[in-house]
Amino acid sequence: MATRTAFRPLVRAARPQLQSAQVHRCFTSTSQRAESPSQSTNHERTTHFGFETVAEAEKEARVAGVFSNVAASYDTMNDFMSLGIHRLWKDHFVRSINPGSSSTSPSPGWTMLDIAGGTGDIAFRLLDHCTNINNSPQSTITISDINPSMLSEGKKRSLATSYANSPRINWLVANAENLETIESDSIDLYTVAFGIRNFTNKEKALREAYRVLKPGGVFACLEFSGVTNPLFDAVYKRWSFGAIPLIGQLVAGDRASYQYLVESIEKFPKQEEFRDMIKEAGFVVPGKGWEDLTGGIAAIHKGIKPAGTP
Amino acid sequence: MAAPSTILRRLRPISARGNLLARTYHSYDHPPPPGPFSTTESTILSASLPHIPSHGFTLTSLSLGAKDAGYIDASTNLFPQGPFALVHYHLLTQRLGLAQKKEVLEADEGIGAKVKKLTWERLMGNKEIVHRWQEALALMAQPSNVPTSLKELAAQSDEIWFLSGDISVDTSWYTKRASLSTIYAATELFMTTDKSPDYIDTREFLDRRFKDVQFVGGVVGSVSQWVGFTASAGLNVLRSKGVRV
Ligand SMILES: C[S@@+](CC[C@H](N)C(=O)[O-])C[C@H]1O[C@@H](n2cnc3c(N)ncnc32)[C@H](O)[C@@H]1O
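Keep in mind the model is a prediction, meaning the values are calculated, not measured.

Conventions used here
Along every chain, residues carry numbers that run from 1 in the direction the sequence is written. A letter from A marks each chain and a number from 1 marks each ligand, given out in the order of writing. Owing to the predicted nature of the model, reporting of local features is limited to residues with pLDDT of at least 70; listing and counting of side-chain atom pairs is limited to 80 or more, with chain, interface and lining totals taken over all residues. Hydrogens and water are ignored here; the side-chain numbers use all heavy atoms of the structure. Helix and strand definitions follow DSSP, with helices as H or I runs of at least four residues and strands as E runs of at least two, each counted in order from the N terminus. Exposure is judged per residue with a 1.4 Å probe applied to protein chains only, and the accessible area is read against the type maximum: over 50% gives exposed, under 20% gives buried, and values in between give partly exposed. For the area figures, the Shrake-Rupley method with a 1.4 Å probe applies, and any residue is considered shielded solely by the protein chains shown. Joining through side-chain atoms within 4.5 Å is the link that ties buried Ala, Val, Leu, Ile, Met, Phe, Trp, Tyr and Cys residues into a set, and such a set is a nonpolar core. In this analysis, two residues are considered to be in contact whenever any of their non-hydrogen atoms come within 4.5 Å of each other. Any two strands with at least two DSSP-identified bridges between them are counted as paired. Clockwise travel from the first strand over the helix to the second, with the strands pointing away from the viewer, marks a crossover as right-handed. Throughout, an axis means a line fitted to C-alpha atoms (over the contacting stretch in the case of helices), and angles, computed between N-to-C directions, take values from 0 to 180 degrees. Here the buried area means the combined drop in accessible surface, using a 1.4 Å probe, for two parts upon being joined, counting both sides. Salt bridges are defined as contacts in which a side-chain nitrogen from Lys or Arg sits within 4 Å of a carboxyl oxygen from Asp or Glu. Between N or O atoms, a polar contact is any pair within 3.5 Å; within protein, one atom must be a potential hydrogen donor and the other a potential acceptor, and residues adjacent in sequence are included only when both atoms are from side chains. For every residue, the pLDDT score states the predictor's confidence, bounded by 0 at the bottom and 100 at the top. Put simply, angles under 35 degrees are roughly parallel, angles over 145 are roughly antiparallel, angles from 65 to 115 are roughly perpendicular, and the rest are oblique. By the definition used in this description, the sense in which the near helix is turned from the far one sets the handedness, with an anticlockwise turn below a right angle giving left-handed and a clockwise turn giving right-handed. Under the grouping applied here, Gly and all other residues not named as nonpolar or charged are polar, the nonpolar ones being Ala, Val, Leu, Ile, Met, Phe, Trp, Tyr, Cys and Pro and the charged ones Asp, Glu, Lys and Arg. Each cavity reported here is a set of points on a 1 Å grid over the protein atoms alone in which a 1.4 Å probe fits but cannot get out, each pocket an open set with protein on both sides within 12 Å along at least five of seven lines, and each lining residue one with an atom within 4 Å of a point. Grid points are joined across faces, edges and corners, and a volume is the space filled by probe spheres set on the points. When two rings of Phe, Tyr or Trp (its six-membered ring) have centres within 6.5 Å they constitute a pair, described as stacked for plane angles under 30 degrees, edge-to-face for angles over 60, and tilted for the intermediate range. We call a charge positioned over a ring when the NZ of a Lys or the CZ of an Arg lies within 6 Å of the ring centre and within 35 degrees of the ring normal. UniProt positions are given in the numbering used here, feature names are shortened, and annotations may be inferred rather than shown by experiment.

**Brief notes about the overall build of chain A**
Moving on, step 1. Per the secondary structure count, chain A includes 12 helices and 9 strands.
Moving on, step 2. A burial count over chain A gives 55% of its 310 residues as buried.
Moving on, step 3. Accessible surface, chain A as shown: approximately 13,600 Å² in total, 55% of it carbon and sulfur.

Right, dumping it as structure tokens:
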């Protein structure tokens, strides 16, 4: 029932885009290069690209390709994968973090970093919450993404918000695995939403998150996860593996990219495992370490960098 | 104490058993337990307690405690349950503190007298924050917090009976626990409005409640009575907060 209601408006939205499939295909030139036969040799490090195993360097190129392909229609993709409710998850994610909160008034403001921030979706919500709920217009955010075309999409969208050209936003093209331009111990809140599963070396990204956070700072991640009810899982898998790549083909003329998105979600470590990776990086986790959303289709993981340890 | 606890471990229901193990481990020779809170959480929570008298059971107290412990505002993300963590921590530390009341425990008195004294000691554990306790009650009455709150209340009654030397294993155990919980919850609520010096009014209220039920030997109170009371007390608190129920 839920799938059907989520599906209907999307299919309608998809139709006009059919004509533009041609345009999207032009975009794919980047990934065409990436998808050329792998030249990986035995001593190269490999990683997952969906269910394929590819050399690490190649994955980076391929991921960039996928998101160039789907930059314009990626909201549609999120709608498909989340049965239309990723916006609610994002709202809940931000509310649960309560950014900008402070024991002193006026709030000195949080220094935030939104990684894989693509279109600014999370960042605008974080700033809204700081300003409207916690009366903290001093809070600032750096929106970072590996893909410059995702960031320009975000800049474009920011013009339609109250943060158009705001000094509170700073844009940064960077790989989450190497944030060298960001000082150690300088960030109150590090967020990553629907991004980390695309990282080639997740452990390295977690170590970087740990490094840039202040002692006591928070790592917060929103990501597709493992559906906990086996029956629902079976239904959801049929939907995601069966229907989504097909829809991707219809919407964007790009089956391969959508196939990757679906597979990368399936490959991403399940709740407990990811929680343990977060602990491994040095964080302490609240409670059991995560919160399931909509039966585990997505989950929020958090970690706090302990104070008083180097 | 060792002998009764062995008997109890064998005979008491499972749920009580876990509790008892925790108790024998923690209450006597060992430092405070990990309990439901990690070391980091305990550090922040214990630093927050001194802020409760002036800032209440609120996020502000939690934030101030975090800062005192070398953390930052954002670190309150460690507590998904929010300010209820402060309530829970208070209940837990007060309960575990009962085992330290040596003057009461080592006195040469009967079980009944010890139960009364420990109950009074526990009530006095709320002295510093009693003007904020209605906030705590409102948090405890929130549906997601009710199970933890009730569990703590029951565990506290167990603790008091156990420390007083009660080793009964028959069904009266349940009614004793329920009756003590009823008395405690009622008196605690009474105390939030008591302005008399040294809480003599609360003291008398408590004595009357104990007279209502003759504990030792007799089967008294009932679970349903207690549940009914808790529900109506909760409603009254909510009403006092301006909630229309
Ligand atoms: C599905 S989008 C999520 C966008 C946004 N956070 C949201 O929730 O709407 C995933 C983003 O991750 C970015 N990304 C992939 N690999 C990355 C990496 N190694 N470092 C930084 N960003 C990366 C992609 O460019 C893309 O913009």
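**A look at helix α9 (residues 133–140) of chain B**
Moving on, step 1. Burial of α9 of chain B is extensive: 6 of the 8 residues sit out of reach of the surface.
Moving on, step 2. Within α9 of chain B, the full set of buried residues consists of W133, A136, L137, A138, L139 and M140 of chain B.

**Observations concerning the nonpolar core**
Moving on, step 1. Ranked by size, the top nonpolar core spans 70 residues in total, and within it L222 of chain A together with F57 of chain B carry the most contacts.
Moving on, step 2. It is helix α6 (residues 84–97) of chain B that contributes the most residues to this core, 8 residues altogether.
Moving on, step 3. If we skip the residues at most four places from it in the chain, L222 of chain A touches W89, K90, F93, V192, A193, F194, L293, A298, A299 and I300 of chain A.

**So, the pairing of strand β5 (residues 169–173) of chain A**
Residues and elements named next belong to chain A.
Moving on, step 1. Pairing geometry for strand β4 (residues 140–145) and β5, over 5 bridges, is parallel. From the neighbouring strand, T142 faces β5, where its bridge partner is N170.
Moving on, step 2. Note on the crossover from β4 through helix α8 (residues 148–158) to β5: the handedness is right-handed.

**Notes on the sheet that holds strand β7 (residues 213–224) of chain A**
All names here are of chain A.
Moving on, step 1. Strand order in the open sheet formed by 7 strands is β5-β4-β3-β6-β7-β9-β8, with mixed pairing between adjacent strands. Bordering the open sheet on either side are β5 and β8 (290–293), each of which pairs with just one other strand. Ignoring which end each strand starts from, the neighbouring axes of this sheet average 15 degrees apart.
Moving on, step 2. Bridging between strand β3 (residues 111–115) and strand β6 (residues 187–193) involves 4 bridges; their strand directions are parallel. Opposite I115, over in β6, you have V192 as the bridge partner.
Moving on, step 3. Most of the contacts of helix α6 (residues 86–97) go to β7, to which it runs at about 160 degrees, and overall it touches β6, β7, β8 and β9 (298–304).

**Points about the interface of chain B and chain A**
Note on interface size: it is often stated as the accessible area lost on association of the parts.
Moving on, step 1. With 16 residues of chain B at the contact, the number on the chain A side is 23 residues.
Moving on, step 2. Roughly 1,400 Å² is buried in total at the junction of chain B and chain A, and carbon and sulfur atoms are behind 58% of that figure.
Moving on, step 3. At the boundary of chain B and chain A, one finds 0 salt bridges.
Moving on, step 4. Between chain B and chain A we count 7 residue pairs in polar contact (both at pLDDT 80 or more) in total.
Moving on, step 5. Elements with a minimum of two residues in the side of chain B that touches chain A: α3 (39–48) and α5 (59–68) of chain B.

**Brief notes about the confidence of the model for chain A**
Moving on, step 1. On average, residues of chain A carry a pLDDT of 81, and 77% of them reach 70 or more.
Moving on, step 2. Counting interchain partners and residues more than four positions distant, the pLDDT-below-50 stretch residues 1–42 of chain A has 39 contacts.

**Side note on the pairing of β8 of chain A**
All names here are of chain A.
Moving on, step 1. Pairing of β8 with β9, which is carried by 4 bridges, proceeds in the antiparallel orientation. Following the sheet pairing, L293 is matched in β9 by A298.
Moving on, step 2. In this antiparallel pair of consecutive strands, β8 and β9, the connection spans 4 residues, and T294 shows a positive phi of 45 degrees.

**As for the packing of helix α8 (residues 111–124) of chain B against helix α10 (residues 146–163) of chain B**
Residues and elements named next belong to chain B.
Moving on, step 1. Across the interface, α8 lies against α10 with an axial gap of 8 Å and an inter-helix angle of 135 degrees. By the criterion of interaxial angle, the relationship of α8 to α10 is oblique. Every pair of crossing elements has a handedness; the one defined by α8 and α10 is right-handed. Residues I111, V115, L118, T119 and R122 of α8 form the contact with α10, whose own contacting residues are Q156, I160, W161 and L163.
Moving on, step 2. Class assignment for the residues of the contact of α8 with α10 results in 6 nonpolar, 2 polar and 1 charged.

**Points about the environment of A107 of chain B**
Residues and elements named next belong to chain B.
Moving on, step 1. Within the fold, A107 resides in the loop between α7 (102–105) and α8.
Moving on, step 2. Separated by 90 residues in the primary sequence, A107 and P197 have C-alpha atoms spaced 26 Å apart.
Moving on, step 3. If we ignore the near neighbours within four places in the chain, the residues touching A107 are K102 and K114.

**Thoughts on α5 of chain B**
Residue pairs three or four apart in sequence face the same way in an α-helix, which turns once every 3.6 residues.
Moving on, step 1. Buried within α5 of chain B are the following residues: S61, L62, S63, L64, G65 and A66 of chain B.
Moving on, step 2. Immediately beyond the C-terminal end of α5 of chain B, within one or two residues, lies G70 of chain B, with a positive phi of roughly 90 degrees.

**What about the layout of surface pockets?**
Moving on, step 1. Counted as a void, the largest pocket has a volume near 1,200 Å³.
Moving on, step 2. Forming the walls of the largest pocket are 44 residues, and the residues nearest its centre are N77, F79, P80, Q81 and G82 of chain B.
Moving on, step 3. At 4 residues, α6 of chain A tops the list of elements feeding residues into the lining of the largest pocket.

**Considerations on the packing of aromatic side chains**
Moving on, step 1. Across all of its chains, the model carries 12 aromatic pairs over all chains by this definition.
Moving on, step 2. Note on F124 of chain A and Y163 of chain A: the rings are 6.4 Å apart at their centroids and 15 degrees apart in plane angle, and the pair reads as stacked. Taken together, the positions of F124 of chain A in helix α7 (residues 121–133) and Y163 of chain A in the loop between α8 and β5 put the pair 39 residues apart, joining distant regions of the chain.
Moving on, step 3. Judged by its relative accessible area of 7%, Y163 of chain A falls in the buried class.
Moving on, step 4. Ring pairing ties together the aromatic residues Y190, Y210, F219 and F283 of chain A, which thus form one cluster.
Moving on, step 5. The side chain of K305 of chain A reaches across the aromatic face of Y210 of chain A, ending 4.8 Å from its centre.
Moving on, step 6. In this arrangement the basic side chain of R209 of chain B is found over the ring face of F205 of chain B, its NZ or CZ atom lying 4.6 Å from the centre.

**Here's the deal with the UniProt feature "binding site: S-adenosyl-L-methionine" (unreviewed entry) in chain A**
All names here are of chain A.
Moving on, step 1. When the UniProt feature table is mapped onto this chain, "binding site: S-adenosyl-L-methionine" (unreviewed entry) is found at T119, D145, N175 and A176.
Moving on, step 2. If you trace the backbone, T119 turns up in the loop between β3 and α7.
Moving on, step 3. Taking the relative accessible area as the measure of exposure, A176 reaches 5% and is therefore buried.

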